[in-house]
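Spelled out from the first residue to the last, the chains are:
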Amino acid sequence: QVQLVESGGGLVQPGGSLRLSCAASGSIRSINAMAWYRQAPGKQRELVATLTSTGTTNYADSVKGRFTISRDNAKITMYLQMNSLKAEDTAVYFCKVNAVLHGRRYYEDYWGQGTQVTVSS
């Protein structure tokens, strides 16, 4: 199986920065894409940023120019650098990996447990 361990969340003032990490482990043969999602209280989970195996990135309009998704291939770790944070960025952030495991044929989605980000003065 795959384990995704997120870290880096916390309380930050508006205008501040945080960097989230998502470390993947397990019997991973190949990763197709990685992504960050978030879910604010009372709202549906929304896509924040994606990073494909070819290095293509995409961002939600609400975070373009402020957030950057990246990956450390050697460590199989994904990052989300969040700058100029706003109160509306407050949410639980989840990482998702689309991967195929050794001995399996198909890619599947795996989710982290989530990390809380609170932007408040």
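Residues numbered from 1 in each chain as written. Predicted model: local features only at pLDDT ≥ 70, side-chain atom pairs only at ≥ 80, totals over all residues. Heavy atoms only, no water.

**A few points about the nonpolar core**
Within the largest apolar cluster, 31 residues are counted, with the highest numbers of intra-cluster contacts made by L4, W36, V48, F67, L80, M82 and Y93. Listed by contribution, the elements that provide at least two residues to this core are β1 (2-7), β3 (18-26), β4 (28-39), β5 (46-52), β7 (67-72), β8 (77-82), β9 (91-101) and β11 (115-119). With six residues, the top contributor of residues to this core is β9. With sequence-adjacent residues up to four places away left out, M82 is seen in contact with G16, S17, L18, L20, R66, F67, Y93 and V117. (Core = buried A, V, L, I, M, F, W, Y, C linked by side-chain atoms within 4.5 Å. Buried < 20%, exposed > 50% of the residue type's maximum accessible area, 1.4 Å probe, protein only. Helix = DSSP H or I, 4+ residues; strand = E, 2+ residues; numbered from the N terminus. Contact = heavy atoms within 4.5 Å.)

**Regarding the sheet that holds β3**
Remark on secondary structure: sheet strands pair via backbone hydrogen bonds, oriented parallel or antiparallel. On the basis of which strands lie adjacent, the open sheet formed by four strands has the order β1-β3-β8-β7 and antiparallel pairing. Only two strands of the sheet have a single neighbouring strand rather than two, namely β1 and β7. If you compare each strand with its neighbour and ignore which way they point, the axes differ by 15° on average. (Pairing = 2+ DSSP bridges. Axes fitted to C-alpha atoms, helices over the stretch in contact; angles between N-to-C directions.)

**Some remarks on the packing of aromatic side chains**
What describes a pair of aromatic rings is the distance from one ring centre to the other and the angle between the planes of the rings. For the structure shown, the criterion picks out one aromatic pair. With a centroid separation of 4.9 Å and an interplanar angle of 55°, the aromatic rings of Y37 and W111 are classed as tilted. Separated by 74 residues along the polypeptide, Y37 in strand β4 and W111 in strand β10 (residues 108-111) bring together distant segments of the chain. Judged by its relative accessible area of 16%, Y37 is buried. Judged by relative accessible area, which is 37%, W111 ranks as partly exposed. (Phe/Tyr/Trp six-rings, centres within 6.5 Å; stacked < 30°, edge-to-face > 60°.)

**What about the environment of E6?**
By secondary structure assignment, the location of E6 is in strand β1. Residues E6 and Y79, 73 residues apart in the sequence, show an inter-C-alpha distance of 9.3 Å. Contacts of E6, omitting those with residues within four sequence positions, involve S21, C22, W36, Y93, F94, C95, G112, Q113, G114 and T115. Within the local environment of E6, its side chain forms a polar contact with the backbone nitrogen of G114, the two atoms lying 2.4 Å apart. Within the structure, the side chain of E6 is placed 3.4 Å from the backbone nitrogen of T115, a separation counted as a polar contact. (Polar contact = N/O pair within 3.5 Å; in protein donor to acceptor, adjacent residues only side chain to side chain.)

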